[in-house]
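Observations on chain architecture
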Amino acid sequence: SAARGPHGGTRGRAASVAARAANHNVLSVEVKDGAGGDDSDAIQGVERPVILGVTLPEDRQTQFLIMAAGALTCSLGFAALQESVFRIPGFTYPGFMTLVTSACYAACGFIEMGISTKGKFTRNGTWKNYWILSTMTFGGMFLTNFALKFLNYATRIVFKSAKVIPVMLFATIVNKKT
């Protein structure tokens, strides 16, 4: 017999995807059920990501193109704005810029959480994990911004792009994957 979900339907593939995501500490994706309220779309393998309250189309290629274009647009915009701030003559506050950036990240995350959960703010991790992640992210951004006193922006981007290599090696060692 199938387990009953919170809305009376059976817990199908959608519930198992969320459970696996929770067990592996990965970002979970809200899965929209079919029009009948059952898990028929989830069982057929059609995942419908919801971003800022907007459900993306069913087509996986369209989902990829929308998310890739959004990520690229935001990254390029962020880099252009940040570089323009650092080029202001006499700008010597990389720590403050990092603090403002982190505060904006927190505000955007809070807004996204409110929109995607319809005001039901729930967290999946422990406060300890959130604080550790926030501190590490802030430290990385601060040191990267501070390095601009000694490096030009293009060199910073090259080094920032290369950080993927040690992260992959560390993940391979920790997860014992070949």
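The written sequence of each chain sets the order in which its residues are numbered from 1. Where local features are concerned, this predicted model is filtered to residues with pLDDT of at least 70; where side-chain atom pairs are given and counted, the filter is 80 or more; whole-chain, interface and lining totals use all residues. Working from all heavy atoms in the structure, the side-chain values ignore hydrogens and water.

Details of the pattern of salt bridges
Going by this rule: Throughout this description, the term salt bridge denotes a Lys or Arg side-chain nitrogen within 4 Å of a carboxyl oxygen of Asp or Glu. Segments assigned H or I by DSSP are reported as helices when at least four residues long, segments assigned E as strands when at least two residues long, and all are numbered from the N terminus. Only protein chains enter the accessibility calculation, which uses a 1.4 Å probe. A residue is then buried if its area is under 20% of the maximum for its type, exposed if over 50%, and partly exposed in between.
All chains considered together, the criterion is met by two salt bridges. For the salt bridge of Glu58 with Arg48, the shortest nitrogen-to-oxygen distance reads 3.6 Å. Placement of the pair is Glu58 in the loop between strand S2 (54–55) and helix H3 (60–86) and Arg48 in the loop between helix H2 (40–43) and strand S1 (50–51), with a sequence separation of 10 residues. Given the relative accessible area of 42%, Glu58 is considered partly exposed. Between Glu83 and Arg87 there is a salt bridge whose closest N-O contact spans 2.6 Å.

Regarding the confidence of the model for the protein
This is how the line gets drawn: Think of pLDDT as the predictor's per-residue confidence, scored from 0 to 100. Every residue pair with non-hydrogen atoms within 4.5 Å of one another is taken to be in contact.
Of all residues in the protein, 73% attain a pLDDT of 70 or more, and the chain-wide mean is 75. Ranking the elements of the protein by mean pLDDT puts helix H1 (residues 13–23) last, at 42, and H3 first, at 90. Long-range and interchain partners of residues 1–43, a stretch whose pLDDT sits below 50, account for 41 contacts in this model, where long-range means more than four residues apart.

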